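Structural description and commentary
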Amino acid sequence: MAEQLSGDLRLVGLTKSFEQFTAVQPTDLTISQGSFFALLGPSGCGKTTTLRMIAGLEDPSGGQILIGDKDITSTKAYQRNVNTVFQSYALFPHMTVLDNVAFGLKRRGDKDAKRKAEEALELVQLAEVGRKKPVQLSGGMQQRVALARAIVNRPDVLLLDEPLGALDLKLRRQMQIELKRIQSEVGITFVHVTHDQEEAMTMADTIAVMNGGRIEQLGDPATLYESPRSTFVANFLGQSNLLRATVTGEPGSDGTVVVRSHDTDLEVSRAHLPDGIREIFLGMRPEKLRLGTGGGPNQLKGTVSDVSFTGVATQYLVRMPWGRELTVVQQNDGSARAVVGENVTISWAAEHGFALDAHQDADAGVDTED
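Residues numbered from 1 in each chain as written. Predicted model: local features only at pLDDT ≥ 70, side-chain atom pairs only at ≥ 80, totals over all residues. Heavy atoms only, no water.

For the protein chain, the name recorded in an unreviewed UniProt entry is Spermidine/putrescine import ATP-binding protein PotA, with Pedococcus cremeus as its organism. Reading the Catalytic activity (unreviewed entry) entry of the UniProt record for the protein chain gives the comment "ATP + H2O + polyamine-[polyamine-binding protein]Side 1 = ADP + phosphate + polyamineSide 2 + [polyamine-binding protein]Side 1." Recorded in UniProt for the protein chain, the comment headed Function (unreviewed entry) runs: "Part of the ABC transporter complex PotABCD involved in spermidine/putrescine import. Responsible for energy coupling to the transport system." (UniProt positions renumbered as here; feature names shortened; annotations may be inferred.)

So this is what it looks like as C-alpha cells:
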C-alpha cells in the first residue's frame, strides 16, 4: 500500500538519458504542496519524461525525487501515493461509473469505498451518473470520472498528462475551469503536463517552461508573459514582436533607457533591461501596441497589410519601412477600424516593452509543433 506523505514535491538533480540522448537535463525544482503546477513545452522538451519519473514509470539516470523529506526515487510506482490521469481515460467499460471510481479503494479493502466514491463523483459534479456505464457518457464526463477515480485515493501528488487533449475546444475550456475548481477544493498537489499555453496559464499557479530537456523559465503566468527571459519563452507563450535594437542611453530620471532601432529612438523600462547587455531584442506583446500616437515617445510608422476580425478583437499586420510586419491586436470597442493599405502609427508605453539579449535566435519557440 502507498505510504501517505505530505510536503513539497522536490526534484534534485533529476536527469534522464536514453543511450546518446539526454531527454531531461539535471533539474532542480520545488513544487509547493497543494499548488497547481504546470510543465509546459513542445514535443520532445522532456516534460512527459519528467512526469513519468515522478510517477515511477521511468527510472531516472540520476538525481532524486522527494515528497516532503521522503526520498521516493527508488520506490515502485504502485507504492507511491501518486496517481496519474492520462489523455486516454482508461475506464473499465463493463463496470458502472461508481464501481470505476471505487475500484482502487475496494482493492485495498476499504470498507468505506462506496461512500468515498460517491463523494468523489459529487466533487466532479457527476453524482447522478454513478449507475451508468462509461460508454453512455460524453468525452468530458468520462474525463471527470477518470479524475474522480484518481482523486478518491487522496494521493499526495496528482499527475495530469495532457488530460484535456482529446476534448473539443469549447469543452476543453470548460474543463480548465473545472480542474482549477476541483484542485482548489481538494488541496492536492496537481502537476499538469501540457503543450497548450492557454491551458497552462488558465489553470496553473506556477509554470515551468521546458525546452531541450531543461527549464527555460519558472514563474507565475503573468510574470512569464509580461517578463520573458528568453526569445523561446517570449515566442512560445503567446505572440511577440521582436525588434533588434542597441542601447544608446543611460537610465533617465523616469526609469527608462533609450534604445535605437531602425534609425528610431525608443524607450524601454530599465527594470526590463538585462544587465550589461547593449545589443537587444526589444519585445512588445501585440495587445500592448496601439494604432495611433498615444502621446508617448515610442512610435513607429507603417502600412496595414492585413486585417483579421476575431470577434472581441481585431488583429492587424502592419508592414514597417524595413519590410518586417508587426502584429497589433486591438479590442473592438466601437472605434473605427483601420483598413488594408492605410498608413498608421503604432505606439506603446515604455513599461509595456521587454528586452532580451540579442545573441539568441529571434525565432526560437515560433510555430513549435507538438
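1. Here we look at the packing of helix α2 (residues 97–107) against helix α3 (residues 113–123)
In the contact formed by α2 and α3, the axes pass within 8 Å of each other and the chain directions differ by 125°. The orientation of α2 relative to α3 falls into the category oblique. In this structure, α2 meets α3 at a crossing whose hand is right-handed. Touching Val97, Leu98, Val101, Ala102, Leu105 and Lys106 of α2 are Ala113, Lys114, Lys116, Ala117, Glu118, Ala120 and Leu121, all from α3. Of the residues that constitute the contact of α2 with α3, the class distribution is nine nonpolar, no polar and four charged. (Axes fitted to C-alpha atoms, helices over the stretch in contact; angles between N-to-C directions. Helix = DSSP H or I, 4+ residues; strand = E, 2+ residues; numbered from the N terminus. Parallel < 35°, antiparallel > 145°, perpendicular 65-115°, else oblique. Left-handed = near helix turned anticlockwise from the far one by under 90°. Contact = heavy atoms within 4.5 Å. Nonpolar A, V, L, I, M, F, W, Y, C, P; charged D, E, K, R; others polar.)

2. Thoughts on the sheet that holds strand β3 (residues 36–40)
Neighbouring strands of a sheet are bound in pairs by backbone hydrogen bonds; such pairs are parallel or else antiparallel. Taken in spatial order, the six strands line up as β6-β7-β8-β3-β9-β10 in an open sheet, and their pairing is mixed. In the strand order of this sheet, the two ends are held by β6 (82–85) and β10 (214–219), each with one partner. Taken pair by pair, the neighbouring strands of this sheet meet at an average axis angle of 20°, ignoring direction. The sheet contact formed by strand β7 (residues 157–161) and strand β8 (residues 189–194) spans five bridges and is parallel. Bridge pairing in β8 links Leu158 to Phe190. (Pairing = 2+ DSSP bridges.)

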